[in-house]
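Secondary and tertiary structure notes
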Amino acid sequence: MLLGVNIDHIAVLREARRVNDPDIVDALGIVKRAGGDQITIHLREDRRHIQDSDLKMIAQLSPLPLNLECAKSPSMIAIASHYRPHRVTIVPEKREEVTTEGGLVVDSSDEVLQNAIANLQEQQIEVSLFIDPTAEAVNASLAMGVEWIEFHTGEYANLHAMLYGNLRNSHHAIKALDVPRHELKNRLEAQLEKLKSLSMYAQDLGLRVAAGHGLNYQNVQSIAQIKSIEELNIGQSIIARSIFSGLHQAIKEMKRLI
Ligand code: PXP
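Residues numbered from 1 in each chain as written. Predicted model: local features only at pLDDT ≥ 70, side-chain atom pairs only at ≥ 80, totals over all residues. Heavy atoms only, no water.

With that out of the way, let us pick up the site of the ligand. Lining the immediate environment of the ligand, one finds 12 residues, of which Glu-69, Glu-150, Gly-214, Gly-235 and Gln-236 sit closest. Between the ligand and the protein, one listed contact pairs an oxygen atom with a backbone N or O atom of Gly-235 at 2.8 Å. For the ligand, an oxygen atom lies 2.9 Å from a polar atom in the backbone of Gln-236. Within the complex, the protein chains bury 94% of what would otherwise be the 400 Å² of accessible surface of the ligand. Here the residues of the shell around the ligand sort into 3 nonpolar, 7 polar and 2 charged. (Near = heavy atom within 4 Å. Polar contact = N/O pair within 3.5 Å; in protein donor to acceptor, adjacent residues only side chain to side chain. Areas by Shrake-Rupley, 256 points an atom, 1.4 Å probe, with all protein chains shown as cover. Nonpolar A, V, L, I, M, F, W, Y, C, P; charged D, E, K, R; others polar.)

This brings us to the packing of helix α6 (residues 135-144) against helix α8 (residues 181-204). Orientation of α6 relative to α8, taken along the N-to-C sense of each, is 20°, at an axis distance of 10 Å. Judged by the angle between their axes, α6 and α8 are roughly parallel. Viewed along their axes, α6 and α8 form a crossing whose handedness is right-handed. Two secondary-structure elements touch here, α6 through Ala-135, Val-138 and Asn-139 and α8 through Leu-198, Tyr-201 and Ala-202. In the contact of α6 with α8, the residues fall into 5 nonpolar, 1 polar and no charged. (Axes fitted to C-alpha atoms, helices over the stretch in contact; angles between N-to-C directions. Helix = DSSP H or I, 4+ residues; strand = E, 2+ residues; numbered from the N terminus. Parallel < 35°, antiparallel > 145°, perpendicular 65-115°, else oblique. Left-handed = near helix turned anticlockwise from the far one by under 90°. Contact = heavy atoms within 4.5 Å.)

When you tally the buried positions in strand β6 (residues 148-152), you get 5 out of 5 residues, the bulk of the element. Examined bridge by bridge, strand β5 (residues 126-131) and β6 share 4 bridges and lie parallel to one another. From the neighbouring strand, Phe-130 faces β6, where its bridge partner is Glu-150. In the classification by handedness, the crossover that spans β5, the intervening α6 and the parallel β6 is right-handed. (Buried < 20%, exposed > 50% of the residue type's maximum accessible area, 1.4 Å probe, protein only. Pairing = 2+ DSSP bridges. Right-handed = clockwise from strand over helix to strand, strands pointing away.)

Encoded structure:
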């Protein structure tokens, strides 16, 4: 299974201070040395984390293929075409959302999306569509002529968190559903089955299949066992864990200096 490491949250931390610390470029070599297969970044329209200058540097310096997530708007596609990442994953984007809440609506009459795909493919940039796990979305993506789809695993991750996760923070984005535990288990199982059968279906149609969103150290293994999924893109949980796996060393180094 290939791992795309989404490094947006390094930029989130940097933007909190607007100084170049942590320097996102420093992450590139670490991702490669640790066995990551791809760098993934999301240039959001509101530039809340990754900036155009990050994209420029990462596109130049990344030792791994770059997967750029962005909206389908002509201005974003022009930026993507300019920096020529290996792949562009087109995602839906709402300014007020905390993160990408659902998959793209793939509509065969959507000329903005058609033009975005055609422009990128003309430049030999692979295109992926970030979609909900539904047969309609797979069929529509195939009809659009893209090489890749990425299944949004948010619903799977939310159900997993409700069943087994730690939702103790009152402003947690995942609100527990008011249904019995066995019903949550059935829904989780159904989500997993859906991801399995649809990824097999999509692969048989000739699409390459990735998945991502909300995957973490607790919930990833069931998804990683799905043979038809080639790649997972994971951000939040890896960057969150890195704080704690690095905090001990960071304190020791500061203590030594003072
Ligand atoms: N894949 C896509 C298309 C995304 O938009 C995101 C979130 O930016 C991810 C994967 C990674 O999600 P997470 O940060 O929850 O691991």
